[in-house]
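Structure assessment
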Amino acid sequence: MATEVQFGLDSFGDVTVDAKGKRLPYAQVIRNVVEQAVLADRLGVDAIGLGEHHRDDYSISAPEIVLAAIAGQTERIRLGTAVTVLSSDDPVRVFERFATLDAVSRGRAEIMLGRGSFTESFPLFGYDLADYERLFEEKLELMAKLLAEDSVSWQGSVRAPLKQQQVYPKTESGRIFTWVGVGGSPQSVVRAARLGFPLALAIIGGDPARFAPYVELYHRALDQFGHERLPVTAHVPGFVADTDQEAADLLWPHARNMLNRLGRERGWQPMTRARFEADIAEGAWHVGSPETVARKIATTVQALGLQRVDVKYANGSMPHEHLMNTIELYGTKVIPRVRELLAG
């Protein structure tokens with residue numbers, strides 16, 4: 001990757017509403033995500049990441065297919081996931097799908113591997129949650145071998161062994177750029193370093209600067225395992241409007257409903273407006289006017305020494321028109337301003 005900081009956008013294909021508050025069908029939401037990515041490409045955004053989910057509030061369960069549709073309508077934007085749930089997938093099929101995406105996009109495919117923040121895929125695909133750690137550990141080891149694009153010999157306990165097996169298609173570059181997403185576990189950070197994967201930090205709460213020790217740990221572990229320095233990105237929630245007040249007012253009802261639904265599932269306290277605004281001021285949310293968001297992104301990049309930042313611009317049922325506007329502001333005002341601030 002280039003040494004200059006790169007700027008991406010992430011979406012889970014959150015099921016949105018129209019201007020009258022009516023829930024859109026999944027098919028329309030997916031088509032809207034494609035339109036959003038096409039706009040991001042036209043504006044010079046570096047990457048788009050689509051998350052894999054298997055629940056009714058998100059429309060994207062097969063990100064690679066949506067990314068392939070985006071590939072046919074774009075020229076330069078990198079096409080990745082945020083994340084691919086490796087624990088409940090097969091590493092060989094993951095490689096084959098992304099190698100195919102890499103071909104049709106002329107080398108723009110990326111993978112972000114993770115365990116995901118939800119567990120619906122485990123019963124859906126016949127996996128036992130009791131094997132949560134073992135599934136990811138073994139499959140990540142196998143994925144590291146597959147990405148070398150040579151014959152693979154591997155044996156574990158979660159799938160059939162491979163013996164001098166070739167996997168196709170091969171890519172033109174010889175390797176698909178692949179991140180490992182972590183949520184703040186030191187063990188996960190060290191594992192990513194041991195296997196030589198670039199690191200993606202999922203920052204969904206709290207001051208992003210609190211992740212600095214994990215970045216330091218990652219660099220130390222890379223040195224100890226004999227790897228060269230690898231890039232680090234951060235996935236952060238965000239939303240841009242013309243003013244700080246407008247951004248908070250537009251986002252609040254959709255973020256509240258999203259967070260309260262998750263809270264009921266996970267035992268969190270209901271979200272209040274005061275807490276929401278505190279998270280914008282001091283926490284993970286990168287929300288506000290272009291100037292406010294640019295300054296916060298610059299602060300996050302500098303605090304963590306990032307090579308890329310990925311803003312999750314879709315948060316809850318926010319209408320498509322507002323998402324298109326936030327992408328427009330991100331590409332035309334936020335990114336140039338962040339570059340100015342970092343240069344200064």
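Above: the structure in question.
Keep in mind the model is a prediction, meaning the values are calculated, not measured.

Criteria and cut-off values
- Residues numbered from 1 in each chain as written.
- Predicted model: local features only at pLDDT ≥ 70, side-chain atom pairs only at ≥ 80, totals over all residues.
- Heavy atoms only, no water.
- Phe/Tyr/Trp six-rings, centres within 6.5 Å; stacked < 30°, edge-to-face > 60°.
- Helix = DSSP H or I, 4+ residues; strand = E, 2+ residues; numbered from the N terminus.
- Buried < 20%, exposed > 50% of the residue type's maximum accessible area, 1.4 Å probe, protein only.
- Lys NZ or Arg CZ within 6 Å of the ring centre and 35° of its normal.
- Expected span 1.5 Å × (residues − 1).
- 1 Å grid on protein atoms, 1.4 Å probe; cavity = no way out; pocket = protein on both sides within 12 Å on 5 of 7 lines; lining within 4 Å.
- Points joined across faces, edges and corners; volume = space filled by probe spheres on them.
- Nonpolar A, V, L, I, M, F, W, Y, C, P; charged D, E, K, R; others polar.
- Axes fitted to C-alpha atoms, helices over the stretch in contact; angles between N-to-C directions.
- Parallel < 35°, antiparallel > 145°, perpendicular 65-115°, else oblique.
- Left-handed = near helix turned anticlockwise from the far one by under 90°.
- Contact = heavy atoms within 4.5 Å.

**Remarks on the packing of aromatic side chains**
On inspection of all chains with the given rule, the structure shows 7 aromatic pairs. Ring plane angle 35 degrees and centroid distance 5.6 Å describe the contact between F122 and Y132, whose orientation is recorded as tilted. Residue F122 is found in helix α4 (residues 121-124), and its partner Y132 is found in helix α5 (residues 132-146); the two are separated by 10 residues along the sequence. Its relative accessible area of 0% is what places F122 among the buried residues. Classification of Y132 as partly exposed rests on a relative accessible area of 24%. An aromatic cluster of three or more residues is present, and its members are F12, Y58 and F118. Between the NZ or CZ atom of K170 and the centre of the ring of Y168, over which it lies, the distance is 5.0 Å. It is K312 that lies over the ring of F12; its NZ or CZ is 4.5 Å from the centre.

**Focus on helix α10 (residues 290-304)**
Its 15 residues give α10 an end-to-end C-alpha distance of 21 Å, which sits within 8% of 21 Å, the value for a rise of 1.5 Å per residue. Where α10 is concerned, the buried positions are P290, V293, A294, K296, I297, A298, T300, V301 and L304. Immediately downstream of α10, the backbone of G305 shows phi near 65 degrees, a positive value.

**Some points on empty space enclosed by the protein**
Applying the stated rule across the entire model yields 3 cavities of 30 Å³ or more. Estimated volume of the largest cavity: approximately 70 Å³. I48, G49, T81, E110 and R308 are, among the 15 residues lining the largest cavity, the residues nearest its centre. Elements represented by at least two residues in the lining of the largest cavity include exactly β1 (6-11), β2 (47-50), β3 (78-81), β5 (110-114) and β12 (308-312). For the lining of the largest cavity, the leading source of residues is β3, giving 4 residues. Taken together, the residues of the lining of the largest cavity break down into 7 nonpolar, 3 polar and 5 charged.

**Brief notes about the packing of helix α3 (residues 91-104) against α5**
Running from amino to carboxyl end, α3 crosses α5 at an angle of 40 degrees, the nearest separation of the two axes being 9 Å. In this view, α3 runs oblique relative to α5, as classed from their interaxial angle. Considering the relative orientation of α3 and α5, their crossing is right-handed. Facing P91, V92, V94 and F95 of α3, the residues of α5 in contact are K139, L142, M143 and L146. Per-class residue counts for the contact of α3 with α5 are 7 nonpolar, no polar and 1 charged.

**What about unusual backbone geometry?**
Of note, the bond from A82 into V83 is cis; its omega dihedral lies within 30 degrees of zero at 10 degrees. As for its position among the elements, V83 is in the loop between β3 and β4 (84-85). Here the phi dihedral of R106 falls at roughly 55 degrees; this positive angle occurs in a residue that is not glycine. Even without being a glycine, Q164 presents a positive backbone phi close to 45 degrees. With respect to the secondary-structure elements, Q164 resides in strand β7 (residues 162-165).

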